[in-house]
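Observations on chain architecture
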Number of protein chains: 2
Amino acid sequence: METRQRQADRSRETKRKLMEATVECLVERGWSGTTTTEVAERAGVSRGAQLHHFRTRGELVAAAVEHVGAESVEVLKRRAEIAEKSTHAVVELIADFHASDLFTAALELWVAARTDPELREQVLELQARLGREVYGLALELLDVDDTRPGVKDAVQATLDLVRGLALANQLADDAKRRAHVVRYWARMLEEQL
Amino acid sequence: METRQRQADRSRETKRKLMEATVECLVERGWSGTTTTEVAERAGVSRGAQLHHFRTRGELVAAAVEHVGAESVEVLKRRAEIAEKSTHAVVELIADFHASDLFTAALELWVAARTDPELREQVLELQARLGREVYGLALELLDVDDTRPGVKDAVQATLDLVRGLALANQLADDAKRRAHVVRYWARMLEEQL
DNA sequence: AAACAAACAGTCAAGCCTGCTTGTAAATGG
DNA sequence: CCATTTACAAGCAGGCTTGACTGTTTGTTT
């Protein structure tokens, strides 16, 4: 019984290492720098082992996409639990989340998916799922009801805004300006809700 | 005199074709799909001619970056001239501009530049220049003065928002939702300014 | 313990991308 | 009118990436 588990665990662990290496690679080297060889090396796994678990590059990336999604939601929820519940704190939380490495990896996938049919399907699905989840979480954190007129627009605009801020933060460190805009937006939002 | 011009013209035309093919390729195939071979073929130019004008891939892309920048500003200004001057119309104009192919090409460069040191320098410079230009144009179009408190934040937030909207529009057609958010924000902005 | 399956290591061939080199025609300048 | 320069064509070499293939170890089942 135990031995049976041991192999399954080892297998899962290798897969996890490969997926995390993929994400790490996406962040550090970008989409085109994320080669199977590079990922295998980073994961400390042989090409053979990699190919055993993920037959093609596409499969590996698909798994990594899922991994990013699952991790994203989990991280955000965890942070939300310990966060202050003021409008400003919540907007800041969501904005900071979008400035993390996880968003960077997601952005790489997002952009790559635009011109990669196979990836596109997966990322579209992930986007929809993740989008809903984040939207719901935002509603919950802001403690508002989106059946009230205007609330839906306000929350959606907020999410679009933080995505735009995150984009501007990719090339240069934009934390200061971001904090400023977030403060402005939070005041704005508070009046609305 | 005429003959002297002929060669220079031909040269410039070939360069232009190569740069436009690069942008077109960025939009259709993305950064990693934008290979020198592909660009040369699209431009209807031999590899030799391409290499004659742009010794390296980096040089070609650098030129394309400039091309994107110049074209972006020009296009936006041209559209602005014939546009209505209401807050909603202006926000819509800027949002639509960010949903164009030009933005898609810029986004490809932007994301690629994050992990490409050489490209990074160029795109950072372009970003700063283009950012200022668009900001100035937004001020002008909205007919506001950014020395007045709050105006700067409002305009910056607007630009961040449209960038976020543009991002969401990359994978799936988001025009309907975008229009909705734009309308919402335009109302909001009008009160602010 | 023996047969079978899964995990893993290492190497190989095919394909693609980039930049270089050789070759040709046209244009410019003296 | 000729020498030189410029614009362009075409093919080639080296390097990298991907997926496949072969062999070995570890685990599972009976």
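This is a predicted model, so every value here is computed, not measured.

The rules we used
- Residues numbered from 1 in each chain as written.
- Chains lettered and ligands numbered in written order.
- Predicted model: local features only at pLDDT ≥ 70, side-chain atom pairs only at ≥ 80, totals over all residues.
- Heavy atoms only, no water.
- Helix = DSSP H or I, 4+ residues; strand = E, 2+ residues; numbered from the N terminus.
- Contact = heavy atoms within 4.5 Å.
- Phe/Tyr/Trp six-rings, centres within 6.5 Å; stacked < 30°, edge-to-face > 60°.
- Lys NZ or Arg CZ within 6 Å of the ring centre and 35° of its normal.
- UniProt positions renumbered as here; feature names shortened; annotations may be inferred.
- Buried area = accessible area lost by both parts, 1.4 Å probe.
- Salt bridge = Lys/Arg side-chain N within 4 Å of Asp/Glu carboxyl O.

**Side note on the side chain of A:His53**
For A:His53, the position within the fold is in helix 3 (residues 47–53). The residues touching A:His53, leaving out its near neighbours within four places in the chain, are A:Ser11, A:Thr14, A:Lys15, A:Leu18 and A:Glu59.

**Topic: the packing of aromatic side chains**
Throughout the structure, instances matching the rule amount to one aromatic pair over all chains. Seen from the ring of A:Trp31, A:Arg57 lies directly overhead, with NZ or CZ sitting 4.6 Å from the centre.

**Looking at the UniProt feature "DNA-binding region" (unreviewed entry) in chain A**
In the UniProt entry, the feature "DNA-binding region" (unreviewed entry) is given for residues 35–54 of chain A. A distance of 13 Å separates the end C-alpha atoms of residues 35–54 of chain A, which is 75% helix and 0% strand.

**A few points about the interface of chain B and chain A**
Each partner contributes to the interface: chain B provides 42 residues, whereas chain A provides 42 residues. For the pair chain B and chain A, the summed buried surface comes to about 3700 Å²; carbon and sulfur atoms form 61% of the total. For the chain B face of the interface with chain A, the top three residues by lost area are B:Arg114, B:Leu171 and B:Tyr184, together amounting to 23%. Taken together, the links from chain B to chain A amount to four salt bridges. Note that A:Arg114 is salt-bridged to B:Glu108, the shortest N-O span being 3.0 Å.

**What to know about the environment of B:Thr104**
Its location among the elements puts B:Thr104 in helix 6 (residues 101–114). Along the primary structure B:Thr104 and B:Val27 are separated by 77 residues, whereas in three dimensions their C-alpha atoms are 6.1 Å apart. B:Thr104 has contacts with A:Arg114, B:Val27 and B:Gln170, leaving out every residue within four places of it along the chain.

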